[in-house]
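Coordinate inspection notes
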Amino acid sequence: MERLFNQYKNTVVTHPNYSGVVCGYDDSRLILAVETHNDKGIFFRRLRKDDNAFILDEYKDHKYRYVYEDEGEILKQIRNESTSI
């Protein structure tokens, strides 16, 4: 996961309800940091110390919420950006 994270870190991922930045990973998933005040319809993850997650220091702030993101969604959005140029 660390190699994938290094490839995608700081990539912005946009969804209809929110957008976030790839800021970390755990054993099997990438993690987005979402800065929002509207929690409606979005499942945010509260990370605990025993979750074995790595988060970049600049995103370890209480103003960020965390969402697990699928690598396929990141690739899809990168492809869409490159074809629209």
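Residues numbered from 1 in each chain as written. Predicted model: local features only at pLDDT ≥ 70, side-chain atom pairs only at ≥ 80, totals over all residues. Heavy atoms only, no water.

A few points about the pattern of salt bridges
Put simply, the rule is: Between Lys or Arg on one side and Asp or Glu on the other, a salt bridge is scored when a side-chain nitrogen of the former is within 4 Å of a carboxyl oxygen of the latter. Only DSSP runs of H or I covering at least 4 residues are called helices, and only runs of E covering at least 2 are called strands; the numbering of each starts at the N terminus. Only protein chains enter the calculation, and the probe is 1.4 Å; a residue is then buried if its accessible area is under 20% of its type maximum, exposed if over 50%, and partly exposed in between.
The tally for this structure, following the rule as stated, stands at four salt bridges. Put simply, R29 and D26 hold a salt bridge, and the shortest N to O gap is 3.3 Å. Residues E73 and K76 are paired through a salt bridge, measuring 3.4 Å at the closest nitrogen-oxygen approach. One end of the pair is E73 and the other is K76, both in helix α2 (residues 71-84) and three residues apart, which spans about a single turn. The exposure class of E73 is buried, given its relative accessible area of 18%.

Let's talk about the pairing of strand β3 (residues 30-35)
Put simply, the rule is: When DSSP finds two or more bridges between a pair of strands, those strands are recorded as paired.
Most of β3 is tucked away, with five of its six residues classed as buried. Strand direction decides the pairing type here: strand β2 (residues 19-25) and β3, joined by four bridges, are antiparallel. Bridging across to β3, Y25 finds its partner in L30. A loop of four residues connects β2 with β3, the two strands running antiparallel in sequence. Bridge analysis of β3 against strand β5 (residues 64-69) gives six bridges, and the strand direction is antiparallel. For A33, the partnering residue across the bridge sits in β5 and is Y66.

A short note on the confidence of the model for the chain
The following threshold applies: Each residue carries a pLDDT score, the predictor's confidence in it, ranging from 0 to 100.
Scored by pLDDT, the chain comes out at a mean of 85, with 88% of its residues at no less than 70. Averaged pLDDT values over the elements of the chain bottom out at 85 in α2 and peak at 94 in β2.

A closer look at the nonpolar core
Put simply, the rule is: To form a nonpolar core, buried Ala, Val, Leu, Ile, Met, Phe, Trp, Tyr and Cys residues must be joined to one another through side-chain atoms within 4.5 Å.
Formed by 21 residues in total, the largest nonpolar core has its most connected members in V22, C23, L32, Y59 and Y66. For this core, the elements supplying multiple residues, two or more each, are α1 (2-8), β2, β3 and β5.

Re the packing of aromatic side chains
Cut-off, in case you're wondering: Each Phe, Tyr or Trp ring, with Trp reduced to its six-membered ring, pairs with another whose centre is within 6.5 Å; inter-plane angles below 30 degrees give stacked pairs, above 60 give edge-to-face pairs, and intermediate values give tilted ones.
In the structure shown here, the tally under the stated rule is four aromatic pairs. Between F5 and Y25, the aromatic rings sit 5.2 Å apart at their centres with planes inclined by 45 degrees, giving tilted as the arrangement. Of this pair, F5 sits in helix α1 while Y25 sits in strand β2, placing them 20 residues apart in sequence. Taken individually, F5 and Y25 each receive the classification buried, so the pair is uniform in this respect. Aromatic pair Y25 and F54: ring centres 5.5 Å apart, planes at 45 degrees, arrangement tilted. In this pair, Y25 is assigned in strand β2 and F54 in strand β4 (residues 54-55), connecting sequence segments 29 residues apart. Residue classification places F54 among the partly exposed residues on the basis of a relative accessible area of 38%. Among the aromatic side chains, those forming a connected cluster through ring pairs are F5, Y25 and F54.

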